[in-house]
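Structural description and commentary
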Amino acid sequence: MALGAGVLISSVAFELMDEAFRSGGFDAASIGLSLGAILFYVGDQIIEKKGGKHRKRSQGQQAGGSSTAILLGALMDGIPESIAIGVSLLKGGTVGVVMVVAVFLSNIPESLSSASGMQKAGHSRKFILLVWTAVVAISAASSLVGYLLLAGVSGNIIGGIQAFAAGAILTMLASTMMPEAFEEGGAIVGLITTAGFLVSFVLSKLQG
């Protein structure tokens with residue numbers, strides 16, 4: 001999870017926000033980032049109160065939590081990344097590739113941790129497969145919608161949506177992935193996060 005967090009931080013900084021600024025300027029980048037962060041925070045608070053607080057934990061902390069809230073929380077976590085991929089692909093090249101790789105590298109440990117925790121908490125394999133099948137399907141649909149419906153829109157809108165996704169991703173990292181990675185792994189996660197950041201940074205420059 002720490003590696004995935006580092007990868008996404010780098011991608012947000014060097015891919016999404018750079019592109020948001022180039023497309024829409026300071027206003028689109030700053031407004032979009034703020035709105036993404038605020039809306040994810042509000043949604044996360046609602047999910048937590050409904051029983052989905054520990055949806056990414058690996059040691060069974062999901063026990064007693066709402067199955068619906070866990071499912072909705074997993075979907076909420078994945079949609080901003082998918083929208084970012086779809087919108088980035090409108091640029092037709094390197095940004096989309098780097099974002100796809102970054103999301104792939106971050107989602108593997110995130111989903112493994114969550115699936116392990118849900119199993120330890122007593123959720124059935126059927127429920128776990130349902131959760132991640134739904135996440136894959138809706139995330140893919142989000143990317144497709146972002147790609148198809150936003151073709152030809154203004155640079156301000158494209159920049160604002162990219163920044164919106166960036167704000168939601170950063171808030172998700174700071175409020176869920178990074179605290180849980182530290183609690184499970186200790187201080188070493190700082191080094192692993194940095195390694196993830198470096199991987200994504202190198203990818204962005206090689207593609208560039």
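Note that the coordinates shown come from a computational prediction; the quantities given were computed from them, not determined experimentally.

Quick word on a nonpolar patch on the surface
Taken together, the side chains of Leu144, Val145, Tyr147, Leu148 and Leu149 define a hydrophobic patch exposed on the protein surface, amounting to about 510 Å² of accessible area. Under the relative-accessibility criterion, Tyr147 is labelled partly exposed at 40%.

Observations concerning the packing of aromatic side chains
Enumeration according to the criterion identifies three aromatic pairs in this entry. With centroids separated by 5.9 Å and ring planes inclined at 65 degrees, the aromatic side chains of Phe14 and Phe197 adopt a geometry described as edge-to-face. Within this pair, whereas Phe14 is found in helix H1 (residues 2-52), its partner Phe197 is found in helix H6 (residues 189-207), the two being separated by 183 residues in sequence. Phe14 sits in the partly exposed class, given a relative accessible area of 28%. Overall, Phe197 belongs to the partly exposed group, its relative accessible area being 31%. Connected via pairs of aromatic rings, a cluster forms that spans Phe14, Phe197 and Phe201.

Remarks on helix H4 (residues 125-149)
Compared with an ideal rise of 1.5 Å per residue, which puts 25 residues at 36 Å, H4 spans 35 Å between its outermost C-alpha atoms and is within 8% of the ideal. Among the residues of H4, Phe127, Ile128, Val131, Ala134, Val135, Ser139, Ser142, Ser143 and Gly146 are the ones counted as buried.

A closer look at the nonpolar core
Among the nonpolar cores identified, the biggest contains 28 residues, and Leu8, Leu16 and Leu173 are the most heavily contacted of them. Elements supplying a minimum of two residues to this core: H1, helix H2 (67-88), helix H3 (94-120) and helix H5 (155-185). In terms of nonpolar packing, the next biggest core, distinct from the first, is built from eight residues, Met118, Phe127, Ile128 and Val135 among them.

Details of the environment of Val100
Within the secondary structure, Val100 is located in helix H3. Taking C-alpha positions, Val100 is 8.8 Å from Glu81, a pair spaced 19 residues apart along the chain.

Describing the UniProt feature "transmembrane region" (unreviewed entry) in the chain
The positions UniProt marks with the feature "transmembrane region" (unreviewed entry) are residues 23-42, 85-106, 127-150, 156-174 and 186-203. What you have in residues 127-150 is 96% helix and 0% strand, and the ends, taken at the C-alpha atoms, are 34 Å apart. Taken end to end, residues 156-174 is 100% helix and 0% strand, and its two terminal C-alpha atoms sit 27 Å from one another.

Here's the deal with the environment of Leu191
The topology assignment puts Leu191 in helix H6. Residues Leu191 and Leu3 lie 188 residues apart in sequence; the distance between their C-alpha atoms is 8.9 Å.

Some remarks on H5
Bending of H5 peaks at approximately 45 degrees at the position of Leu173. Within two residues after H5, Gly186 carries a phi angle of roughly 80 degrees, on the positive side.

Here's the deal with the pattern of salt bridges
Scanning all chains against the criterion turns up one salt bridge. Here Arg22 makes a salt bridge to Glu19, at a shortest N to O gap of 2.5 Å. Note that Arg22 and Glu19 are positioned in helix H1 at a spacing of three residues, about one turn of the helix. Accessibility expressed as a relative area gives 10% for Glu19, which makes it buried.

Calculation rules
- Each chain carries its own residue numbering, running from 1 in the direction its sequence is written.
- The predicted nature of this model means local features are confined to residues of pLDDT at least 70 and side-chain atom pairs, given and counted, to a pLDDT of 80 or more, with totals for whole chains, interfaces and linings taken over all residues.
- To obtain the side-chain values, all non-hydrogen atoms of the structure were used and water was disregarded.
- Within this analysis, patches are made of residues with over 30% relative accessible area and no salt bridge. Like charges are joined at 9 Å or less; nonpolar side chains (Val, Leu, Ile, Met, Phe, Trp, Tyr) at 5 Å or less.
- Methods summary: accessible areas were calculated by the Shrake-Rupley approach with a probe of 1.4 Å, and residue burial reflects only the protein chains presented.
- Any Lys or Arg side-chain nitrogen located within 4 Å of an Asp or Glu carboxyl oxygen qualifies as a salt bridge.
- Relative accessibility under 20% of the residue-type maximum defines a buried residue, over 50% an exposed one, and the middle range a partly exposed one, all with a 1.4 Å probe and only protein chains included.
- Between 30 and 60 degrees the pair is tilted, below 30 it is stacked and above 60 it is edge-to-face, where a pair is any two Phe, Tyr or Trp rings, Trp via its six-membered ring, whose centres lie within 6.5 Å.
- Helix numbers and strand numbers start at the N terminus; a helix is a DSSP run of H or I with at least 4 residues, a strand a run of E with at least 2.
- One less than the residue count of a helix, multiplied by 1.5 Å, gives the span that helix is expected to have.
- As used here, the term nonpolar core means buried Ala, Val, Leu, Ile, Met, Phe, Trp, Tyr and Cys residues forming a set that is joined through side-chain atoms within 4.5 Å.
- UniProt positions are given in the numbering used here, feature names are shortened, and annotations may be inferred rather than shown by experiment.
- Bend at a residue means the angle formed by two fitted axes: the first through the 7 residues ending at that position, the second through the 7 residues beginning there.

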